[in-house]
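Here's the letter readout for the chains.
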Amino acid sequence: MSNPEKKKPTSKTKVLLTVLCVVLAAVLTVLVAATIYVEVTLGRIRRPEQQQTLSPEEMASILDETDPHDPNFSGPTYDEEDVTAPETAPEILNGEHVINVLLVGTDTDGSYRGHSDSMILCTIDTEKKTVVMTSFLRDMYMPITGFGQSGHAQERINVSYLSGGFPMLYDTLRDNFGVVVDYGVEVNFNSFAEVIDQVGGVDITLTANEAAHLRGKGYNVQEGLNHMDGETALAHARNRTTGGTGDLARSSRQRAVIEALIDKATNMDVTSLLKLVNALIPMVVTDMTNGEIFSAARALAPIAGDLEIISQRIPADGAYQFATINGNDIILPDFDAARKLLQETIGNS
């Protein structure tokens, strides 16, 4: 039996196959280029193990530094043994739809760890489409897990990051408040102004006292809504002398600036977002792997424009006491009240 005659491809078929090959090649080229771009971009992010390790003498010198005494700071003077350490907190449970990212603001260039000048836990719930920003005030006095000869010596919480990086800070937050942190991101706030300028500035509402404070430093602002460039917004976020004692009011200002930045970023086009990412990367140190960054981005991308931002502080109003220990101004938090607030706002219940 003779073989059936094979049909030769028609000219239309040849054209179609050629077009498909060209399209496939173009798509593969774009995907390869995009992958290379993303990998190169993420490769510029610094990891904790790349930071310089300070000598014991250098670390002791930084630990011995204290902030200028706040004239509004008042309270009793205690010895270390007068302050009873709290019992270990039960862990706050979250589902897989919740990501806890800890933002640690420092004044260093990221080459080494410094004091955690600010600590803001961002609890991202992809089901509720919410971000709860919780500031943990740096002057809170508590047991620092893994610190000192006892392994739980009491100090201000900002000592934990300098002494043991993300692991010690995570353990301290977990043991004292029940918070389980998934990832940490250190940001150099000295360079934060560049990021704000990259998005074209942010809109911030000022009280009369806040506006007067900034005008006294040479900034052209007024009470009410102001469009701020990076330098002005950073000066506002660093204000520790207006509207409260030290970090109590400053933490609120920091969250307001970050919230304004998030609002601006979620409404940017792709090109502008890429420029923003490139501006952010040099000032970031994180323990997230590239794969974890991809996973978090995939989870956030579909809801980025719909996120509701909720802001709070630990300790909350009426749940702390000012005091002085070893010549340092400190805050003694009500741990039970703090744990209850966190359970209600970021816990499963």
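Engineer: I would appreciate a short explanation of the overall build of the protein in the present structure.
Structural biologist: Per the secondary structure count, the protein includes 10 helices and 13 strands. Residues classed as buried in the protein amount to 45% of the 349 residues present. In the protein, the proportion of contacts linking residues at least 24 apart, taken out of those at least 6 apart, comes to 70%.

Engineer: Looking at this structure, how should I read the sheet that holds strand 1 (residues 77-78)?
Structural biologist: Across a sheet, strands are paired by hydrogen bonds formed along the backbone, either parallel or antiparallel in direction. Reading across from one edge, 1-12-13 is the order of the three strands in this open sheet, with mixed pairing throughout. Because the sheet does not close on itself, it has two edges, and the strands there are strand 1 and strand 13 (328-333). Sheet topology note: the strand 12 (residues 320-325)/strand 13 ladder contains six bridges and is antiparallel. What sits directly across from F322, in strand 13, is I331.

Engineer: It is not clear to me how the sheet that holds strand 7 (residues 183-188) should be interpreted in this structure. Could you clarify?
Structural biologist: The strand order 10-7-2-3-4-11 describes an open sheet built from six strands, whose pairing is mixed. At either end of the open sheet lies a strand with only one pairing partner, and these are strand 10 (284-286) and strand 11 (308-314). Neighbour to neighbour, the strand axes of the sheet diverge by 20 degrees on average, direction disregarded. Strands in contact with helix 3 (residues 158-177) are strand 2 (98-106), strand 3 (118-125), strand 4 (130-136), strand 7, strand 10 and strand 11; relative to strand 2, the strand with the most contacts, it is inclined by about 145 degrees.

Conventions adopted
Numbers given for residues are sequential positions, taken from 1 along each chain in its written order. This being a predicted model, a pLDDT of at least 70 is required before a residue's local features are given, and a value of 80 or more before pairs of side-chain atoms are given or counted; all residues contribute to the totals for chains, interfaces and linings. Values shown for side chains rest on all heavy atoms present in the structure; no hydrogens or waters enter the calculation. For the purposes of this entry, the term helix denotes a DSSP run of H or I that reaches at least four residues, the term strand denotes a run of E that reaches at least two, and both are numbered from the N terminus. Any residue under 20% of the maximum accessible area for its type is buried, any over 50% is exposed, and the rest in between are partly exposed; the area is computed with a 1.4 Å probe on protein chains only. Whether two residues are in contact is decided by their heavy atoms: any pair within 4.5 Å suffices. The pairing criterion for strands is at least two bridges between them, as found by DSSP. Interaxial angles span 0 to 180 degrees and are taken between N-to-C directions of axes, which are lines fitted to C-alpha atoms, for helices over the stretch in contact.

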